[in-house]
Amino acid sequence: MTLFRSLDERHPLNGRLALGVEYDGSGYCGWQRLKHSPSVQGALEAALSKVAAGHSITVHCSGRTDSGVHATRQIVHFDPPVTRSEKAWVFGANANLPRDVAVRWVKPVSDDFHARFKALARRYRYVILNQPSRPVLERANATWCRDPLDADAMHRAAQALVGEHDFSSFRAAGCQSKTPWRHLHFIEVHRHGPLVVVDVQGNAFLHHMIRNIVGALVTVGRGERGDDYLSELMALQDRALGDVTAPACGLHFVDSLYDESWGLPREPLGPNLLAFLGEWTGERALPDCPMVAFRRGRPVAADA
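Computed from a predicted structure; not experimentally measured.

Chemist: Could you clarify how one ought to interpret the overall build of the protein in this entry?
Modeler: The helix and strand tally for the protein stands at 6 helices and 12 strands. Relative to the 2.2 N^0.38 estimate, which gives 19 Å for 304 residues, the radius of gyration of the protein is 20 Å and therefore close to what a compact globule would have. With the C-alpha coordinates aligned to their principal axes, the bounding extent of the protein is approximately 60 × 55 × 40 Å. Here the protein holds 304 residues, and 51% of them are scored as buried. Long-range contacts, defined here as pairs at least 24 residues apart, represent 72% of the contacts in the protein between residues at least 6 apart. Within the structure as shown, the protein displays about 14600 Å² of accessible surface, and the carbon and sulfur contribution to it stands at 50%.

See the structure below:
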């Protein structure tokens, strides 16, 4: 599968558009537009509005990221007030975006597509640089841990989280979600040389949920707690009794999955420093759970 293809500049795109967006979240107070601080949403909307000759544009994302969190495949949609070609939207947006945000692709979708409500799953990767000396080139996109970590122990402990659970022990105090229940499809911890990578996918995530999970996993990796630690924390259902919150700089939003019928582009999963893993988006089967069935338009059993 090639990463390179020509962008069409002859045919104007009509109707709703989906975008793939990448950003370094270091300089932003998260995805969501704010009046008092810079946001990725605000930067993207301003750039797209310039391409649209000053017409106001509002974008909707597949999942909001917190302050300092990065994304390599954030999916957004918007309804353009003017017609522009594929090349005009991509190149025009990037010409007006700051260097830490970029549009990767644009694709026409039907009017019933919604980046958030049609998403089947979200996937994140948390990257830890595990070495004695502080990082230099990776300092903005990996968390440094100077203590030796046992990635195998971290992986074993993390398996208690797979499935549908009450994640109250791993949600931030200010989390606005109506329910603490989430379905984790998988969570894996692997070492690749000095990199320890926590790879996690679920239907959705609570505020700071992944960073709180990683904080507890690092405690296990240091040998301070055993394989049952994550299970014990989850049973408490009390964030006040939980572990530390891992820094935002190591967290990357790497995929938002949709039904294949939407035809969104397939890309290698990020961040690029993990390109050697060779996995592309959409390769893993999703669980056949009620939410996935519903969003794919299939009947859901009454007792599901």
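Still more ground to cover, so stick around.
Chemist: Can you help me understand the packing of aromatic side chains in this one?
Modeler: Here a ring pair, both rings aromatic, is described through the centre-centre distance and the interplanar angle of the planes. Going through the model one piece at a time under the given rule, you end up with 7 aromatic pairs. Centroid distance Phe78 to Trp89: 5.2 Å. Interplanar angle 75 degrees. Geometry classified as edge-to-face. With a gap of 11 residues between them, Phe78 in strand S4 (residues 70-78) and Trp89 in helix H2 (residues 86-96) connect regions that are remote in the sequence. Note on Phe113 and Trp262: the rings are 5.1 Å apart at their centroids and 75 degrees apart in plane angle, and the pair reads as edge-to-face. Residue Phe113 is located in the loop between strand S6 (101-108) and strand S7 (121-130), and its partner Trp262 is located in the loop between strand S12 (251-257) and helix H6 (290-295); the two are separated by 149 residues in the primary sequence. Of the two residues, Phe113 and Trp262, both sit in the buried class. Through pairs of rings, three or more aromatic residues link up here, namely Phe113, Tyr258 and Trp262. Above the face of the Phe186 ring, Arg284 is positioned so that its terminal group lies 4.3 Å from the ring centre.

Chemist: What exactly am I supposed to notice about empty space enclosed by the protein here?
Modeler: Where empty space is left becomes clear once a probe the size of a water molecule has been rolled over the atoms. Going through the model one piece at a time under the given rule, you end up with 1 cavity of 30 Å³ or more. Residues of the lining of the largest cavity, tallied by class, amount to 1 nonpolar, 2 polar and 4 charged.

Chemist: Please explain the layout of surface pockets as it appears in this structure.
Modeler: Reported here for the largest pocket is a volume of approximately 1300 Å³. Along the walls of the largest pocket sit 38 residues, with Gly63, Arg64, Arg116, Arg182 and Phe205 positioned nearest its centre. Among the elements of the structure, strand S3 (60-61), S7, helix H4 (209-221) and H6 are those that each provide at least two residues to the lining of the largest pocket. Of the residues forming the lining of the largest pocket, the biggest block, 3 residues, is contributed by H4.

Chemist: Can you help me understand the nonpolar core in this one?
Modeler: The nonpolar side chains of a soluble globular protein tend to be buried, and buried together. Counting 67 residues, the largest nonpolar core has Trp89, Phe170, Leu217 and Leu230 as the members making the most contacts within it. When residues in this core are grouped by element, the largest group, 8 residues, is from H4. In this structure, Ala18, Phe113, Trp262 and Leu264 belong to the second largest nonpolar core, which totals 10 residues.

Chemist: I'm lost on the pairing of strand S10 (residues 181-192) in this one. Help?
Modeler: Every regular strand shows the same layout, with side chains that alternate between the two sheet faces. The pairing of strand S9 (residues 163-166) with S10 spans 4 bridges and is antiparallel. Bridging from a neighbouring strand, Glu164 pairs with His183 of S10. Strand direction decides the pairing type here: S10 and strand S11 (residues 195-202), joined by 8 bridges, are antiparallel. Along S11, the bridge assignment pairs Ile187 with Val200. Hairpin remark: S10 followed by S11, antiparallel, with 2 residues in the connecting loop; positive phi at Gly193, about 60 degrees.

Chemist: Would you take a moment to explain the pattern of salt bridges for this structure?
Modeler: Any two side chains of opposite charge can pair, so long as their charged atoms come close to each other. Across all of its chains, the model carries 21 salt bridges by this definition. Its salt-bridge partner being Glu279, residue Arg123 comes within 3.0 Å of it at the nearest N-O pair. Of this pair, Arg123 sits in strand S7 while Glu279 sits in the loop between S12 and H6, placing them 156 residues apart in sequence. Each member of the pair Arg123 and Glu279 is classed as buried.

Chemist: I tried to follow the packing of helix H1 (residues 40-51) against H2 on my own but got confused; where do I start?
Modeler: Helix packing geometry: the angle between the two helix axes and the distance between the axes. One way to put it is that H1 packs onto H2 with a least axis distance of 8 Å and a crossing angle of 125 degrees. Between H1 and H2, the angle falls in the class oblique. The way H1 lies across H2 gives a crossing that is right-handed. Taking contact as the criterion, the partners of Ala47, Leu48, Lys50 and Val51 in H1 are, on H2, Ala88, Trp89, Gly92, Ala93 and Asn96.

Chemist: Explanation requested: the side chain of Asp255 in the structure shown.
Modeler: Counting through the fold element by element, Asp255 comes out in strand S12. Judged by relative accessible area, Asp255 falls into the buried class, the value being 1%. Reaching out from Asp255, the side chain makes a polar contact with the side chain of Arg73 at a distance of 2.8 Å.

Chemist: Hey, could you run me through H2 in this one?
Modeler: Residues separated by three or four positions in an α-helix point in the same direction, a consequence of the helix having 3.6 residues per turn. Inspection of H2 places Glu86, Trp89, Val90, Gly92 and Ala93 among the buried residues, and these make up the whole buried set. Tucked inside the fold, the buried residues of H2 contact strand S1 (12-13), strand S2 (17-23), H1, S4, strand S5 (84-85) and S6.

Cut-offs and rules
- Residues numbered from 1 in each chain as written.
- Predicted model: local features only at pLDDT ≥ 70, side-chain atom pairs only at ≥ 80, totals over all residues.
- Heavy atoms only, no water.
- Helix = DSSP H or I, 4+ residues; strand = E, 2+ residues; numbered from the N terminus.
- Rg over C-alpha atoms; globule rule 2.2 N^0.38 Å.
- Buried < 20%, exposed > 50% of the residue type's maximum accessible area, 1.4 Å probe, protein only.
- Contact = heavy atoms within 4.5 Å.
- Areas by Shrake-Rupley, 256 points an atom, 1.4 Å probe, with all protein chains shown as cover.
- Phe/Tyr/Trp six-rings, centres within 6.5 Å; stacked < 30°, edge-to-face > 60°.
- Lys NZ or Arg CZ within 6 Å of the ring centre and 35° of its normal.
- 1 Å grid on protein atoms, 1.4 Å probe; cavity = no way out; pocket = protein on both sides within 12 Å on 5 of 7 lines; lining within 4 Å.
- Points joined across faces, edges and corners; volume = space filled by probe spheres on them.
- Nonpolar A, V, L, I, M, F, W, Y, C, P; charged D, E, K, R; others polar.
- Core = buried A, V, L, I, M, F, W, Y, C linked by side-chain atoms within 4.5 Å.
- Pairing = 2+ DSSP bridges.
- Salt bridge = Lys/Arg side-chain N within 4 Å of Asp/Glu carboxyl O.
- Axes fitted to C-alpha atoms, helices over the stretch in contact; angles between N-to-C directions.
- Parallel < 35°, antiparallel > 145°, perpendicular 65-115°, else oblique.
- Left-handed = near helix turned anticlockwise from the far one by under 90°.
- Polar contact = N/O pair within 3.5 Å; in protein donor to acceptor, adjacent residues only side chain to side chain.

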